[in-house]
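Spelled out from the first residue to the last, the chains are:
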Amino acid sequence: MSGGEALREPWESLRRQREAAGFGMWLFLNSEALLFGALISAFFATRFFHPQGFAAGGREAEIVYGTVNTLVLLTSSLTMAMASFATRAELRRVSFWSLGLTLALGVVFLGLKIMEWRSDLEKNMFPGPGFPIEQPGAALFWGFYWALTPLHALHMIGGLSTVGFLTWQAARGKRPLRSPAFEAAGLYWHLIDVVWIFLYPLIYLQGRASS
Amino acid sequence: MSGHSLGEGDPRTLRAILWRTVPVWAALIALALSSCALAYVPMGGFNMAASLAIAAAKMVLVGVFFMHLRRPDPLLRLSGGAWLLWLGFLLALVFADQATRAPISQPAHSPDVTGRETGPGGMPGF
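On a predicted model such as this, the values are computed, not experimentally measured, just so you know.

Draft legend 1. Region of the structure containing the overall build of chain B. Scanning chain B for helices and strands turns up 4 helices and 0 strands. Mapped from its N terminus to its C terminus, chain B presents α and β elements in the order α-α-α-α. When burial is assessed residue by residue, chain B has 37% of its 126 residues classed as buried. In chain B, 50% of the contacts between residues at least 6 apart in sequence involve partners at least 24 apart. For chain B, the accessible surface area stands at approximately 6900 Å², while carbon and sulfur atoms represent 73% of it.

Set out below in structure tokens:
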């Protein structure tokens with residue numbers, strides 16, 4: 001496949017187009033970093049007043065689901081990075097395998113997340129009537145939990161849709177593997193991973209050493 | 001700009017791709033498991049600090065090796081690092097406000113008044 005097919009207007013060369021795609025995606029990722037950064041700083045600002053309540057709340061988070069999902073997401077970043085290199089090198093089989101694995105791992109992540117939410121709700125871990133932890137601040141911790149994890153899952157659905165669409169286009173021959181879109185989608189996927197890298201200690205590792 | 005600035009030096013074979021990515025993944029998995037294990041070691045206020053430091057190390061690995069920030073492209077590095085500056089402003093202002101105003105405006109929640117668990121320097125466990 002030639003670079004001409006991947007090249008779109010208004011760029012004069014695939015190199016410039018690639019640079020623009022990366023730059024544009026990074027600008028978007030900056031806004032995403034500030035969205036999650038603001039929520040995480042609110043988390044710490046609230047935790048400042050309720051260290052023990054947050055520890056009590058955190059101990060009830062499902063650490064097995066959280067840890068397995070961390071490993072799943074880190075592995076999906078590996079396959080996405082491989083896809084990014086493989087599409088660029090136009091290695092067709094490696095590209096489709098790594099894109100397919102990335103999508104599969106993303107679906108596994110969401111599936112585990114739904115199972116975890118079900119388990120949380122069975123334990124009534126939703127701030128409001130019947131919330132089982134008495135310490136002040138624990139309900140605030142779970143408020144952050146129910147704000148941050150669905151927001152992250154929405155981003156995961158966005159990532160799955162984007163990577164799925166690009167893979168579908170490539171499989172039908174409508175998008176050459178050299179298209180810079182794969183690399184840009186990869187940047188977004190890795191951002192989802194980086195956000196989770198920070199949510200993991202905030203949510204699941206809180207208060208484990210104390211009782 | 002050097003010839004490698006936009007990834008012209010990127011791996012072209014499966015073997016080279018695996019060689020470039022799998023060691024980074026192994027380090028990420030090792031860091032994730034060690035942060036999980038460390039969370040059960042009683043370190044007082046340093047538990048969260050340690051797990052956040054490990055998270056930051058993982059972020060650097062993903063950013064440099066998977067998000068291509070190791071490419072010597074000034075535009076990419078600037079756009080890839082700009083959020084640190086803005087987030088730095090945000091965090092500095094939030095916590096400056098909290099450290100100076102919270103004990104006055106919310107004395108009931110002040111860790112010093114209630115005698116809640118405090119970390120080094122009288123600050124609550126981070």
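Draft legend 2. How the structure looks around the overall build of chain A. Counting secondary structure elements, chain A contains 7 helices and 0 strands. Order of helices (α) and strands (β) in chain A, N terminus to C terminus: α-α-α-α-α-α-α. Burial analysis of chain A (211 residues in total) assigns 61% to the buried set. Taking as baseline every contact in chain A between residues at least 6 positions apart, the subset at least 24 positions apart corresponds to 79%. For chain A, the computed accessible surface area is about 8300 Å², with 64% contributed by carbon and sulfur atoms. In chain A, which carries 17 positive and 14 negative side-chain charges, the distance between the mean positions of the two groups comes to 7 Å.

Draft legend 3. Here's a closer look at the packing of helix α6 (residues 138-171) of chain A against helix α7 (residues 181-204) of chain A. All names here are of chain A. Packing of α6 against α7 brings their axes to within 10 Å, and their N-to-C directions diverge by 160 degrees. The angle between α6 and α7 falls in the class roughly antiparallel. Crossing of α6 over α7 shows left-handed handedness.

Draft legend 4. The pattern of salt bridges, seen in detail. Scanning all chains against the criterion turns up 9 salt bridges over all chains. In this structure, R88 of chain A and D10 of chain B form a salt bridge, with 4.0 Å as the shortest nitrogen-oxygen distance. Highlighted residues: R88 of chain A in helix α4 (residues 63-88) and D10 of chain B in the segment before α1 (14-38), drawn from two different chains. Summarising the burial analysis for this pair, R88 of chain A and D10 of chain B share the class buried. Within the structure, one salt-bridge network assembled from shared partners comprises R18, R88 and E183 of chain A together with D10, R20 and R71 of chain B.

Draft legend 5. Looking closely at the UniProt feature "domain: Heme-copper oxidase subunit III family profile" (unreviewed entry) in chain A. When the UniProt feature table is mapped to this numbering, "domain: Heme-copper oxidase subunit III family profile" (unreviewed entry) covers residues 23-208 of chain A. When the span residues 23-208 of chain A is considered, its composition is 81% helix and 0% strand, and the gap between its end C-alpha atoms is 40 Å.

Draft legend 6. Structural view of the domain arrangement of chain B. Residues and elements named next belong to chain B. Domains assigned within chain B are domain 1 (11-70) and domain 2 (74-126). At the junction of the two partners, domain 1 supplies 9 residues and domain 2 supplies 7 residues. Interface of domain 1 and domain 2: buried area, both sides summed, is about 660 Å²; carbon and sulfur atoms make up 70% of it. For domain 1, the biggest contributors to the area lost against domain 2 are G45, M59 and L69; these three give 55% of the whole. Linking domain 1 with domain 2 are 0 salt bridges. The interface formed by domain 1 and domain 2 includes 2 residue pairs in polar contact (both at pLDDT 80 or more).

Draft legend 7. Representation of α1 of chain B within the structure. Taking 1.5 Å of rise per residue, the 25 residues of α1 of chain B would be expected to cover 36 Å, and the 35 Å separating its terminal C-alpha atoms lies within 8% of that figure. Considered for burial, the residues of α1 of chain B that qualify are I17, T21, V24, L28, I29, A32, S35 and C36 of chain B. As for α1 of chain B, its buried residues are in contact with α4 and α7 of chain A together with α2 (46-66) of chain B.

Draft legend 8. A look at the environment of T46 of chain A. Residue and element names in this part refer to chain A. Positionally, T46 belongs in helix α2 (residues 14-49). A residue is classified by how much of its surface remains accessible, and T46, at 18% relative accessible area, is buried. Considering only alpha carbons, one finds T46 and G137, 91 residues apart in sequence, at a separation of 8.1 Å. Look past the residues within four positions of T46 in its chain and what remains in contact with it is F54, L140 and F144. There is a polar contact of 2.7 Å between the side chain of T46 and the backbone oxygen of A42.

Draft legend 9. Spotlight on the UniProt feature "transmembrane region" (unreviewed entry) in chain B. Per the UniProt record, "transmembrane region" (unreviewed entry) is annotated on residues 22-41, 48-69 and 75-96 of chain B. Secondary structure content for residues 22-41 of chain B is 85% helix and 0% strand, while the C-alpha to C-alpha distance between its ends is 29 Å.

Draft legend 10. Region of interest: the interface of chain A and chain B. Listed per partner, the contact involves 53 residues of chain A and 66 residues of chain B. Of the roughly 5400 Å² buried at the junction of chain A and chain B (both faces included), carbon and sulfur atoms supply 74%. Scanning the region where chain A abuts chain B turns up 2 salt bridges. Where the side of chain A that touches chain B is concerned, the elements lending two or more residues are α2, α3 (51-59), α4 and α7 of chain A. Taken together, the residues of the side of chain A that touches chain B sort by class into 33 nonpolar, 12 polar and 8 charged.

The rules we used
- Residues numbered from 1 in each chain as written.
- Chains lettered and ligands numbered in written order.
- Predicted model: local features only at pLDDT ≥ 70, side-chain atom pairs only at ≥ 80, totals over all residues.
- Heavy atoms only, no water.
- Helix = DSSP H or I, 4+ residues; strand = E, 2+ residues; numbered from the N terminus.
- Buried < 20%, exposed > 50% of the residue type's maximum accessible area, 1.4 Å probe, protein only.
- Contact = heavy atoms within 4.5 Å.
- Areas by Shrake-Rupley, 256 points an atom, 1.4 Å probe, with all protein chains shown as cover.
- Lys, Arg positive; Asp, Glu negative; His and termini not counted.
- Charge placed at Lys NZ, Arg CZ, Asp CG, Glu CD.
- Axes fitted to C-alpha atoms, helices over the stretch in contact; angles between N-to-C directions.
- Parallel < 35°, antiparallel > 145°, perpendicular 65-115°, else oblique.
- Left-handed = near helix turned anticlockwise from the far one by under 90°.
- Salt bridge = Lys/Arg side-chain N within 4 Å of Asp/Glu carboxyl O.
- UniProt positions renumbered as here; feature names shortened; annotations may be inferred.
- Domains from an automatic or database assignment.
- Buried area = accessible area lost by both parts, 1.4 Å probe.
- Polar contact = N/O pair within 3.5 Å; in protein donor to acceptor, adjacent residues only side chain to side chain.
- Expected span 1.5 Å × (residues − 1).
- Nonpolar A, V, L, I, M, F, W, Y, C, P; charged D, E, K, R; others polar.

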